[in-house]
Amino acid sequence: MPERDEVQIARWDAIREQVGDGLRQMRGHGRSQAQLAYEMDELGFHVSQSMVSRYEQGQGEVPLSLERMVGWALCCDALSSGHLRELLELGGYSLPWTIGDMKQFDLLLRKFRSLSRADQMVLRRRMLWHLLGVQPRPLGIARELAL
Amino acid sequence: MTMNVLELDDTRRQLRDRLRVMPHDGDPRAGVRRMRALLQEMGVQCDDTAELEDADAILLTSGRGMEALIASRLDDDQRHQAYSRIVARLIIGQMHEPIDAKIEYHSKHTTISRQEKEEDAAVAKFATALAEGNLNLAPRPLYEDVPKLTLAFTPRSAARSTLGGMHLWSDYWYRRSTMYRWWRSRKDVSSAIKRVCVILNPRRPAAA
């Protein structure tokens, strides 16, 4: 595990239960932890089912990154939910999109639910880059960076 | 953050300008290179290596830029067609703010609304004209500036205005009617329209 500052550890300790609550509520009842872990893994996040469980219980040791929060919400179609906004605020992150914009992202995700799994993943990976406010770049480079 | 609509309009205008002078030699590989270069010049990030299973291509636009993702499984002909569809989509399609995506398929596919179905059909027909280098088989407003329907006070401006009205009518029905698209893509019809254009706007037949 990379060396972390005491202040960072203390701050994460103070907020991780709240973060866990938010993550659990974003996932809702209709999606299992295993399904979420699988979808996040396909998006390029190295998140296992046990990590999903630990984060939701507020036991994650490493602070949740902006990329993981957004990826979590993307997989749960919860980009426009209040839970993501609260989580971002807690983590001290911000995204260059309004609530209305995020609703449009969610609408688009729902609209393309009928696509095949592979096609959905291609679309979602690219949407993630747009969501994070990064200029599009060739997929090869994005894969090398492996988020 | 909102998508820059003016930027998209500008892209459309520049695409139309480039399409008129784009050479066509029947080689799909060269066609792909030209279409890709054209899109990249317009600021569209192109990627030919997308691992798409069913779709041939995806056009994704947002305030962060435009991307064309082309399936890696396609052969040269199919890739040429997919690029043509992306170009046609940028010219014909309605992209919504702040983010929108259009999925391109080789064959007919289920669409949600009638509007999307009509747009898909118009894009497919225009893309075929683009890929074959037969722009004249599509309504002229799609690829060049045409006279406008305006108030006219002289015989010449009346003729030009009439022509503008005809172009408007043609563009409208091309986007909405399968029958009109079929009819408009016939060579004899295209030749007849060209003659009418020359009669009504003899000073500038190329852009009539």
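*Asks:* Help me understand the overall build of chain A, please; the structure alone is not making it clear to me.
*Replies:* On a plain count of helices and strands, chain A comes out with eight helices and zero strands. Helices and strands appear in chain A in the N-to-C order α-α-α-α-α-α-α-α. For chain A, buried positions account for 33% of its 147 residues. In chain A, of all internal contacts separated by at least 6 residues, the share reaching a separation of at least 24 is 66%.

*Asks:* How should I be thinking about the pairing of strand β3 (residues 65-71) of chain B in this particular structure?
*Replies:* Regular strands place their side chains on alternate faces of the sheet. Residues and elements named next belong to chain B. When you tally the buried positions in β3, you get six out of seven residues, the bulk of the element. Inspection of the sheet shows strand β1 (residues 44-50) paired to β3 by five bridges, in the parallel sense. Residue pairing for β3: Val44 is matched across the bridge by Met66. Relative to β3, strand β2 (residues 57-62) is paired through six bridges, and the arrangement is antiparallel. Bridge pairing links Leu59 to Ala68 in β3. Between β2 and β3, which pair antiparallel in sequence order, lie two residues.

*Asks:* How do you make sense of the interface of chain B and chain A when you look at a structure like this?
*Replies:* Contacts between the two partners involve 22 residues from chain B and, on the opposite side, 23 residues from chain A. Looking at the side of chain B that touches chain A, the elements with two or more residues in it are β1, β2, β3 and β4 (99-104) of chain B. Per-element accounting of the side of chain B that touches chain A gives the leading share, four residues, to β1(B). Taken together, the residues of the side of chain B that touches chain A break down into 12 nonpolar, four polar and six charged.

*Asks:* Before we go on, may I ask you to explain the nonpolar core in this structure?
*Replies:* Inside soluble globular proteins, nonpolar side chains tend to come together where they are buried. By size, the foremost hydrophobic cluster in this structure holds 74 residues, and its most contacted members are Ala73(A), Ala57(B), Ile58(B), Ile70(B), Val87(B) and Phe126(B). Each of two domains, domain 1 (5-133) and domain 2 (136-207) of chain B, supplies a minimum of three residues to this core.

*Asks:* I would appreciate a short explanation of helix α2 (residues 33-43) of chain A in the present structure.
*Replies:* Two residues of an α-helix separated by three or four positions point the same way, owing to the 3.6 residues in each turn. Residues and elements named next belong to chain A. Along α2, the residues classified as buried are Leu36, Glu39 and Met40. For α2, the angular spread of buried residues about the axis comes to 100 degrees, placing them on one side. Packed against the buried residues of α2 are α1 (6-27), α3 (49-56) and α4 (66-75). Where α2 terminates, the next one or two residues include Gly44, which has phi positive at roughly 110 degrees.

*Asks:* Help me out: how do you make sense of unusual backbone geometry in this one?
*Replies:* Leaving glycine aside, a negative phi is the common case for residues, and trans is the common case for peptide bonds. Along the chain, Glu97(B) connects to Pro98(B) via a cis peptide bond; the corresponding omega equals -5 degrees. Looking at the element boundaries, Pro98(B) is found in the loop between α3 (76-92) and β4. A positive phi is found at Asp77(A), a non-glycine position, where the angle reads about 50 degrees. Tracing the sequence through the fold places Asp77(A) in the loop between α4 and α5 (82-91).

*Asks:* Hey, could you run me through the domain arrangement of chain B in this one?
*Replies:* Much of the literature gives interface size as the accessible area that the parts lose upon coming together. Residue and element names in this part refer to chain B. If you check the domain split of chain B, you get domain 1 (5-133) and domain 2 (136-207). A C-alpha centroid distance of 24 Å is found between domain 1 and domain 2. Contact with domain 1, which involves 11 residues of that partner, is made by 11 residues of domain 2. It is helix α4 (residues 114-132) that provides the largest number of residues to the side of domain 1 that touches domain 2, a total of six residues. Class assignment for the residues of the side of domain 1 that touches domain 2 results in seven nonpolar, no polar and four charged.

What counts and how
- Residues numbered from 1 in each chain as written.
- Chains lettered and ligands numbered in written order.
- Predicted model: local features only at pLDDT ≥ 70, side-chain atom pairs only at ≥ 80, totals over all residues.
- Helix = DSSP H or I, 4+ residues; strand = E, 2+ residues; numbered from the N terminus.
- Buried ≥ 20, exposed ≤ 12 C-beta atoms within 10 Å, placed from the backbone.
- Contact = placed C-beta atoms within 7 Å.
- Pairing = 2+ DSSP bridges.
- Nonpolar A, V, L, I, M, F, W, Y, C, P; charged D, E, K, R; others polar.
- Core = buried A, V, L, I, M, F, W, Y, C linked by C-beta atoms within 7 Å.
- Domains from an automatic or database assignment.
- Arc of directions from axis to C-beta.

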